[in-house]
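Coordinate analysis (summary)
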Amino acid sequence: MSDSPAARLQQLFEGHRLTPTQRRIAHSMVRRAADVPFLSSVELAEVAGVSQPSVTRFAVALGFDGYPALRRHLREIAPAAAEPAEHIPNEYQQAVRAEIENLRRLAELLADPAPVERAGRLLAASRPLPVLGLRAAAAQARGFAYFAAKVHPDVRLLDEGGTLLADRIDAARRAGASALLCFALPRHPKEVVEALAYARTAGLTVVTVADSAFAPVAGESDLLIPAAVGTGLSFDTVCAPMLLGRVLLEAMCDELPDAQARLEEFDAAAAARGLFAD
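Here is a short report on the structure shown in this document. (Residues numbered from 1 in each chain as written. Predicted model: local features only at pLDDT ≥ 70, side-chain atom pairs only at ≥ 80, totals over all residues. Heavy atoms only, no water.)

1. What about the side chain of Ser 212?
The condition is simple: The helix and strand labels rest on DSSP assignments: H or I over at least four residues marks a helix, E over at least two residues marks a strand, and numbering proceeds from the N terminus. Partly exposed describes any residue whose relative accessible area lies between the buried limit of under 20% and the exposed limit of over 50%, with all areas from a 1.4 Å probe on protein chains only and scaled to the type maximum. Pairs of N or O atoms within 3.5 Å make up the polar contacts considered here, provided that, within protein, one atom can donate a hydrogen while the other can accept it, and that residues adjacent in sequence are counted only when both atoms are side-chain atoms. Contacts are assigned to residue pairs with any non-hydrogen atoms lying within 4.5 Å of each other.
By secondary structure assignment, the location of Ser 212 is in the loop between strand 4 (205–210) and strand 5 (223–226). Residue Ser 212 is classed as buried on the basis of its relative accessible area of 2%. At 3.4 Å, the side chain of Ser 212 and the side chain of His 27 are in polar contact. Residue contacts for Ser 212: discarding those within four places in its chain leaves His 27, Leu 224 and Pro 226.

2. Topic: helix 3 (residues 41–48)
This is how it is decided: Here the arc refers to the directions that run from the helix axis out to each C-beta atom.
Along helix 3, the residues that are buried comprise Ser 41, Leu 44, Ala 45 and Ala 48. Relative to the axis of helix 3, the buried residues are bounded by an arc of 105° and lie together on one face. Elements that come into contact with the buried residues of helix 3 comprise helix 2 (20–31), helix 4 (52–61) and helix 5 (67–77). Phi turns positive, to about 75°, at Gly 49, one or two residues after helix 3.

3. Examining unusual backbone geometry
Residue Pro 128 is bonded to the preceding Arg 127 through a cis peptide linkage, with omega at 5°. If you trace the backbone, Pro 128 turns up in the loop between helix 7 (114–125) and strand 1 (129–132). For the bond from Pro 186 to Arg 187, the omega torsion is -10°, close enough to zero to count as cis. Its place among the elements puts Arg 187 in the loop between strand 3 (179–184) and helix 10 (190–201).

4. What about the pairing of strand 2 (residues 155–158)?
To keep it simple, the criterion reads: Pairing between strands is defined by DSSP: at least two bridges between them are needed. Handedness of a crossover is defined as follows: orient the strands so they point away from the viewer, and if the path from the first strand over the helix to the second runs clockwise, the crossover is right-handed.
For strand 1 and strand 2, the ladder comprises four bridges, and the chain directions are parallel. Along strand 2, the bridge assignment pairs Leu 129 with Val 155. What joins strand 1 to strand 2 is helix 8 (residues 138–148), and the crossover it makes is right-handed.

Set out below in structure tokens:
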């Protein structure tokens, strides 16, 4: 297990049943893990976009007398000051380094392959396989669906919201779908949370790739695998969620006995059509 500030916070939150507001606070703390031991309750409330009393109730829910006790605990477990780091001349390099850290944390998470293997079985068995991603997550869903369609017989991309979304979930369920894959990234549209709740009501097992185990979609997911996003630039960077999507593709391929044959068939057809310049 990593000894990073974010990993220690994740361990602190594990095993606690948190309300949506408390999950929001926890998520904000993970994203600002290095700063949290030095934030007041008012400052943390501002970061999380909640009230100061909510921060106090959150600390009590974790088993502390109040927020000051929680902050003292965080300071006690904070790592000793490191040697001065190499100077980073600009924000772009900082963003890249943050993404490298996110990928390292994902690698540590994947040391236990069981959740990904379970997801692969669920996705491979679902015929059709609906893949949901709205707004910021639409690109991740689209990329997964593009490659998945080369090995899975029926992939249905759900990357547009609106009143037809529930209809398309219903259609997939009637056609035999047993699972739904969702990519959920900040800022989380309410429509995604509602769609997942509807999908579960319809009988689908929901597998979710989200930026945090405390994301708003957590309560509507049967299996959630987290992959952190970078927040150092004006818009989030999503290297880890994208890579996790490819890992899930690999796990799904392992469960599809004809996956390799389908890929070879595609390659032969592409060569015959002169599809690619290389």
